[in-house]
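# Observations on the three-dimensional arrangement
Residue strings, one per chain:
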Amino acid sequence: VPNNIVGQWRNIFKSMYPSAKIFCVEPKNFTPAKKELVLSQIRDDNFDAIIMAYSCFERIPISQNYYIEELKEERMKIQSALVKAGRSITSLERKKKSIEEALGKLAVSDDNTADVICFDELGITRLFVDEAHNYKNVPIDTKTDKVLGISASGSKKCRDMMDKVHLVQKNNNGGGVIMATGTPITNSITDAFVMQKYLQSGELALLDLQSFDAWVGMFAEKSTEFEIDVDTSGYRLATRFSKFHNLPEL
């Protein structure tokens, strides 16, 4: 939950579930000196719930082994897609090469997670993310450029959240994650795709819509319009996704 409402969540949780065994983690008790002790408590004790501040959650690493296994799995999917296609596909070959490069770097790098307790060792079976719209800035791999609302790089904290969400889902047959927000779509239709990547990545894969370009081709189209510039002194041309199709299906 956001840092400033950990205490509020604790009080409400206790009033709703008086006998629950809960553990609150705030920045003041998650200092570098106390971090490993707190993580060992989470791992070894049997809590009903852990209420944790954003900034603490972001400082829990995922093990290097997990990333290696994920990359290997991704490489196998690409390999099977290439075999199915029966020909060389440049974009897939490029992705495969970048995965192999990432695996090579991980193989020769020091495992900086070897001596610390990682997220995948904590036994977390359910993840509730409050104010989940704070985690929408994930990287989007797309050929579409110069469209407002798309970020190719994303932010570190959002990439980390996506990895942790998928890790929990992997251990729960695709479930186990709740994203709570009153504003799932704020700036762009891309926000809907991001929420689906968090919560429906399996369904998107079944429909072959897991890539942003395939998803946009099914549900949206671009338009370029004049709009008032940021400094209000003139106009600029801005390209956005503004027309939508197949909304009932979406």
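What comes next concerns the included structure. If you're wondering where the values come from, they're calculated on a predicted model, not measured in any experiment. Numbering of residues starts from 1 in each chain and follows the order in which that chain's sequence is written. Under the rules for a predicted model, residues below a pLDDT of 70 receive no local features and side-chain atom pairs below 80 are neither given nor counted, while totals for whole chains, interfaces and linings still include all residues. Note: side-chain values were computed over all heavy atoms of the structure, leaving out hydrogens and water.

### Concerning the layout of surface pockets
The method is simple in principle: a probe with the dimensions of a water molecule rolls over the atoms, and the space it marks as empty is what remains. Just so we agree on the cut-off: Put simply, the grid is 1 Å and covers the protein atoms alone, a cavity is a trapped set of points that fit a 1.4 Å probe, a pocket is an open set with protein on both sides within 12 Å along at least five of seven lines, and lining residues have an atom within 4 Å of a point. Grid points are joined across faces, edges and corners, and a volume is the space filled by probe spheres set on the points. Secondary structure elements are taken from DSSP: a helix is a run of H or I of four residues or more, a strand is a run of E of two residues or more, and numbering for both begins at the N terminus. Gly counts as polar in this scheme, as do all residues outside two lists: the nonpolar Ala, Val, Leu, Ile, Met, Phe, Trp, Tyr, Cys and Pro, and the charged Asp, Glu, Lys and Arg.
Reported here for the second largest pocket is a volume of approximately 770 Å³. Along its surface, the second largest pocket is lined by 27 residues, and A49, I50, R126, L127 and F128 are the ones closest to its centre. Counting residues per element, the ones that place at least two in the lining of the second largest pocket are helix 1 (6-16), strand 2 (49-52), helix 3 (54-57), strand 3 (127-130) and strand 4 (177-180). Of the residues assigned to the lining of the second largest pocket, the class counts are 21 nonpolar, two polar and four charged.

### A few points about the side chain of K136
In plain terms, the rule: Relative accessibility thresholds used throughout: buried, under 20% of the residue-type maximum; exposed, over 50%; partly exposed, between the two (1.4 Å probe, protein chains only). For this analysis, a polar contact is any N or O atom pair within 3.5 Å, provided that within protein one partner can donate a hydrogen and the other can accept it, and provided that sequence-adjacent residues contribute only side-chain to side-chain pairs. Here, residues are in contact when the closest pair of their heavy atoms is within 4.5 Å.
Within the secondary structure, K136 is located in the loop between strand 3 and helix 6 (156-170). The class of K136 is buried, set by a relative accessible area of 10%. There is a polar contact of 3.1 Å between the side chain of K136 and the backbone oxygen of P184. Only 3.1 Å separates the side chain of K136 from the side chain of T186, close enough to count as a polar contact. Not counting the four nearest positions on each side in its chain, K136 is found in contact with C158, T183, P184, I185, T186, D191, V194 and M195.

### Considering the environment of C158
Tracing the backbone shows C158 in helix 6. Given a relative accessible area of 1%, C158 falls into the buried group. Counting along the chain gives 36 residues from C158 to V194, while the straight-line C-alpha distance between them is 10 Å. With residues near it in sequence (within four places) discarded, C158 still touches N134, Y135, K136, N137, V138 and Y198.

### As for the pairing of strand 6 (residues 235-244)
One face of the sheet, then the other: side chains in a regular strand alternate in exactly this way. Keep this limit in mind: Two strands make a pair as long as DSSP finds a minimum of two bridges between them.
Note: strand 5 (residues 220-228) against strand 6, nine bridges, orientation antiparallel. Looking at strand 6, one finds that A220 is bridged to F244. Between strand 5 and the antiparallel strand that follows it, strand 6, lie six residues; T232 among them carries a positive phi value of about 60°.

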